[in-house]
Amino acid sequence: SLFLVSTDFWMSLYYQSSAASPTTGGGRAYGLLRNDGSFHYTAYIQGLKSQVSSVAMIRNGSTIVRVLTAQFDNGMGAGQLYLSTTEIYDLVNNKFAMTVQTVTGSTPFTEIVGAFLNYFPTVSGKAPGEMYNLAATLTPVTNNAYSAECLFNLYSNSTVQMTCTSLAASFFIQTYQLTDGQGNVYMNTTASSLWQGTSQFGWAALNTTVLNWLARGNLWAVAIDSSSAVLLRGVVTPSPTTFEVVLSAGSVSSSAKSPASGYANIQLDKYGGIRYQVTITGLSSSIKVTSLRIDGARRGGASTIFADMTSSTVNTEPGFGTYYASGYLNISSYTTQPWRFMELFSWDTKINVGTSSFSSGELRGSLQMQNFQDIGEITDLRALLSAGQVVNATSPTSLSGGVAFFEFYSDDDLFFRVKLANPTSDLTGAWILCGAARGKTGWPALDLTLAISGYSIQGVWQNVSKNTFANLIRGMCYIQVATAQNPKGELRGQLTVMKRRYVVPLAPVFTPAFRTGTGGQVLFEIESLGIMTTRFFFDFSDGLSLANVDLGSIHLADFSGKVLKDLSYMIGLGNQLKGTMDLSGSLLFYLSQGYVNVVITSSSKTPFLIGTPMVPPYPPVSTTLTTRPLLITAVLTGRNAGQSSYASGTNTMAVANGQVFYAIKLSQFFTPITKITLETKAGVQLYSIPLQDVNSGFGQIYGILSSVGSNFTDWLLNGQVRTVVYTKSASIEAAAAAGTFMIYPTTYQGLLTSTSLKATGGTGMTTLTLQSDNTVMFNALTQGLTSNLRNVYFARTDQTQVGVSLTDSFQKNEGSSIIYNPPQWFYPQLNNKQIQLRVSTDNNPSGEVNGIIAASPTTEDADYQCVLSGFEVGTIDGKLGKVSTSAGGIATFVYDGSQIRYYLTVTGITQPNKVTEMGLYWGASPGYVSANKSAYNFLDTFDGWRSTGAIINPSKSLVENFLNGKTYILVKTTANPQGELRGQITAINQFALSVMTTSQVATTTGLPMGLSGGAECSVYQTRLICEPRFTTNGFNISKLVVVDWKGNVVGDLTFSWRQIGFGYAALNMDTWSMLQKGQLSLLAYISTFPAQPALRGKLVIVPPSAQQFGTTFNSILTSSTTYYGGYFRLFSTGQTGNTYTYRGFVRGFTPQSCGVYSQSGGSLTKLLTLTVRGQTVEGTLWNVPDLALTNTWVRCNRQSETVQGSLSLTPRTFMSFLTGGSIQSNHGGSRVATKSFGAMVAQLRSVSGQWRLYYTARFWDVSPSVFQSLLLKIGLGFSAFTGNHQTADGFLPITSVPNLNELSAYNTSVYMTSTAGSASSVLI
């Protein structure tokens, strides 16, 4: 059959002589006409006099083919066009051009234009379709309107070809030269008819020294006129180029016989650096990768190592022998001969994979340059094909391999491309089958046989059904290829979604809603289960906030303004938001092509922030996210630099493998940018960022920091570094925008087992979440320990001593807290998987269970968790059994209302023992068994180590059992057919907060001022328990209810709140899901206005603000003149009484400053200054003065607007049971066998500036003759309190902060002493 041959095109954009005024602008563009009739283009524009108003593709001189303006951002654009037969004919006959219009004053004019020309090789041996290796854009040395471009090809015999083209026809260039700028000329060009216009080319053999200079960007291309004057000059830099490699055993010259395969993607950037991604699959579980290199070897010949990538190799899926490697090589510093990167362009360059079975090479493949460099084209699905994945194969002997790429064009159209290497014979068939995980067989979804051409398969899959799409994005489809020798299947590969990050810098929009000093950033992370996690960072100017959905909206829109996804449900507390969304084919396509905007609107629905996704060249995210780089970001605004300007931008950095990558995006800089620096908060410059590609105040910069010291990384991760952009106006240089780096919230997990210690059967899990304010949220759960827990701590893997102790945060087998300002080594060691959590017990004081902390397999926050151990196996009717095993596991679950996504990890089950079942059972509490087995089996997606997937449309009964903690996982093995591991699935206890103000009520007419409130809520399974506090200014709260986003009442807290001080509401499937999405609010009514709410506040899931055992102060902030308000909490973080953390929120306006004040004689004196971030007030305080003062206030203000409230001690309730068995040696005695017992309830209150512990106690079976006294031991001190052998009632004053904290930390005991025996013996 006849098909269109893919054809390459090249273009230079140059000065249009008919323009209204001269220009120094220019650019270049590349194009690829694919054999499906689509034309893909990439264009780069720079040096324009003013902002671009339109970009268009034309043919025959004037006919507009397409307007491309929307696809261009800051001088760079990419996209694709589907052409008619007539348009294809004009394109291949050089009748297509691109025009760029700009605006001078109010008049648009065409500033530069260029024609697409057929590309063809100029030197014998140059492969058709290959791109140039190096390029230089030449700009004027003096003030003229000329420009030119030189392209360079490097060949393996050290020959360099130079081709130069003038970008205007109105001047004459005598020659072009390659020079070092010091008068040394290494090449001259001569006139040529290579292209129409004024083009010249030349070539020369260069020595190693000159090649090194060339590779390092130390050479220049210059244009010489007839008077030998230099007209134009430009630095020679590498041209961005992409290579791909299919790895197979058939390419190895040795006797390697392997069913494995692999794929590599190599990208050369314009700074001479190489980014690489390598994936290998199908190796035997006993075989390890021992080397991974780029070699300069010919097929079957000896190899010369060009670059070694072994150190970055990670075994990501042990059950399937999958390895992954990624990183960045700076060639200019990596080798003493950096010019050798030209070897990458030779078909003699290979990637070689050595293993423990074949050290010289088990897999190999040639670097093949992709014939088009499309910055917008990104693969959505990928599969690695190998013989070992074929199910029920008739012993295939194939040593072949392959890779398949799928890219969405819309919701139901997929472009596919399959490349195979070394098949045994001709291809006879190819199919896509769905509904099956690896190792299973599925149903046929598409026959690809007619798309086979040689050893390639390519085409478009149209009208993909919704069911097939759901299977595709959840990894339940695979591609299988048959050959004449293996007609039932020679190769198979599972299709998986490519995990990807998109960064969206948000810039101000010039509208009536525009404010200076505003900026932001969005991070999209695509997961393998067809979801995308979204995280927002904002830096708002005064008066703007996303704290309330009534103020505006967040949505994704196409360039026509059509809303694609409404993200307003993510709007919550503060200026850091996050949530998830399901993907569609069209959304994947829009993201990859940059055809979508993130739009933030004001309350009038007018956009004031907008941004387009970009894919920065970070180290790529691995297939299992175990090597995910740590991301930090700085939102740059003029306000942060002390300027009232429109300038904005972002700088996002990725820290991975000891390297720091950066991606800077700038917007709205209207004076020349002179430098960009990384500085300490004190203003000490640490690094200067090169200003490539930034002009006219708009642009983006990518790069890598070299020679980064450990101190810099520590400062960066601890919020001590900021980015500063300087501009010059009227010869004065000053900071125009700045922003401090914040950590992107990142989740890490650890599986605790006894494998490396003692086989006790104990296990556990821990979860860490890095917060942007340099705090680490910690949660851990242990199970099956042999004795009482003694110590819990984080330690470095190369050390055994305690690094960060967490013991005080544990209650029985569960603990959670916040780690404030972790030591400097913590973040780097954590990201390198060099931190472990160790748990010791009384029986095993040196450690009973431990585990390495690694990046979580998902960026989502889990809703449920499960610890798998042998501890619960065999439980019948509440009686615990136990299986002695060193295996263990963890599972986390996310429920979004339509599906339950799961992430399950099991380790310690070793050969010959095998897993036979991973069942999900429901309807049973812990300790009981159930016959209700779900049809879903986790074994279907288990790879020997991890199982990930989703339960689609779960039944109502299954979800309700999840919510009520009546679901468990049972793992059966050949060694323990009744079960070796079991774990009860429980909801993760969550905290919700509502800041209630009148300003958030829809109608405020007639409502009184001075009202405000806050509610702290716990979410436990299907229960929402809230403790509200109000400042009512004399009005009575008559009703307190929970409403959904439509205003429907879904819970009434009034009765329980009035009776016991806590509001209680039951949650069902729907309301629980709404709570997770921030779609529930609290409404409070006052008796004088029963028909309308007086206070409103959204319920938002938040991390616990501090250890729940510390002393707590709170303050309700109100205003007597406005409807504004707020809520504030202050926690002690230790027992010394001088370290506190705080978190507060203001609603209605954005404060400029906040502080803690003491009031005396009608005046306020500031005691503490609080850190303000938008409408959020949070941070840590050291050396805090004694807050046991009367009239202590919290106050936040902006000019004349002020909210304030008194700071009071939060009442705390304590309980104690007194028995003789509770006595230990440190209590002044030993256990006493007695029938006497008692109970005490106490409450800590603040009364008239004094802390008091009010108590009530009752005692039973105590003889009056033996009763001596009642004592309260706080820390090391004793206090007597009034009572007798039956009752005790009264209060004790707490006179010091240390005693207060000892009490709050549960380091307090109650004693009854006896006259029997020694004078001071303890009875109970």
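Refer to the preceding data block for the structure.
All figures in this text were calculated on a predicted structure; none of them were measured in a lab.

Rules of the game
Just so you know, the residues in each chain are numbered from 1, in the order the chain's sequence is written. Predicted model: local features are reported for residues with pLDDT of at least 70 only, side-chain atom pairs are reported and counted for 80 or more only, and whole-chain, interface and lining totals are derived from all residues. Computation of side-chain values covers all heavy atoms of the structure but excludes hydrogens and water. Whether two strands pair comes down to DSSP finding at least two bridges between them. A helix here means a DSSP run of H or I that spans at least four residues, while a strand means a run of E at least two residues long, and both kinds are numbered starting from the N terminus. The definition of a nonpolar core used throughout is a set of buried Ala, Val, Leu, Ile, Met, Phe, Trp, Tyr and Cys residues joined through side-chain atoms within 4.5 Å. Each residue is placed in one exposure class: buried if its accessible area under a 1.4 Å probe, protein chains only, is under 20% of its type's maximum, exposed if it is over 50%, and partly exposed if it falls in between. Whether two residues touch is decided by their heavy atoms; if any such pair falls within 4.5 Å, the residues are in contact. Every axis corresponds to a line fitted to the C-alpha atoms, with the helix fit spanning only the stretch in contact, and the corresponding angles, defined between N-to-C directions, vary from 0 to 180 degrees. Any two of the Phe, Tyr and Trp rings considered here, Trp counted by its six-membered ring, make a pair once their centres fall within 6.5 Å; the pair's planes then place it as stacked at under 30 degrees, edge-to-face at over 60, or tilted in between.

Peer 1: Account for the sheet that holds strand β98 (residues 1277-1280), with residues named and values stated.
Peer 2: In spatial order, the strands read β98-β97-β100-β101; together these four strands make up an open sheet with antiparallel pairing. Every other strand in the sheet has two partners, leaving β98 and β101 (1321-1322) as the edge strands with one partner each. As defined by bridge partners, strand β100 (residues 1308-1314) adjoins β101 across two bridges and the pair is classed as antiparallel. Among the inter-strand pairings, S1314 is bridged to a residue of β101, identified as S1321.

Peer 1: Go over the nonpolar core with me, naming the residues and quoting the values.
Peer 2: Counting residues in each nonpolar core, the largest one holds 56 residues, and the members touching the most others are Y864, F893, I969, L1024 and L1099. Discounting residues that sit within four places of it in the chain, Y864 has contacts with A891, T892, F893, Y895, F962, L963, I985, T986, A987, I988 and W1072. Core analysis: the second largest hydrophobic core is formed by 51 residues, V655, L666, L768 and V804 among them.

Peer 1: Give me the lowdown on the sheet that holds strand β74 (residues 981-987), citing residues and values where you can.
Peer 2: Strand pairs in the sheet, formed through backbone hydrogen bonds, run parallel or antiparallel to each other. The strand order across the open sheet built from eight strands is β71-β70-β73-β74-β67-β68-β69-β72, with neighbouring strands paired in antiparallel fashion. The open sheet has two edge strands, β71 (933-937) and β72 (946-952), and neither has a second partner. Taken over all neighbouring pairs, the strand axes of this sheet differ in orientation by 20° on average, direction set aside. In this sheet, β71 lies alongside strand β70 (residues 915-922) in antiparallel orientation, the contact comprising two bridges. Following the sheet pairing, Y921 is matched in β71 by K933. The strands that helix α8 (residues 956-963) touches are β67 (864-868), β68 (888-895), β69 (899-907), β70, β72, β73 (967-973) and β74; relative to β70, the one it contacts most, it runs at about 90°.

Peer 1: Now, about the packing of aromatic side chains: what can you tell me, with residues and values included?
Peer 2: Evaluation of the coordinates by the stated rule reveals 22 aromatic pairs. Ring centres 6.0 Å apart and planes at 35° place the aromatic pair F406 and F416 in the tilted group. Note that F406 is positioned in strand β32 (residues 401-408) and F416 in strand β33 (residues 414-421), a separation of 10 residues in sequence. Residue F406 shares its accessibility class with F416, and that shared class is buried. With a centroid separation of 5.4 Å and an interplanar angle of 70°, the aromatic rings of F893 and F962 are classed as edge-to-face. One end of the pair, F893, is in strand β68; the other, F962, is in helix α8, with 69 residues separating them in the sequence.

Purely spatial values, then, with no claim about function.
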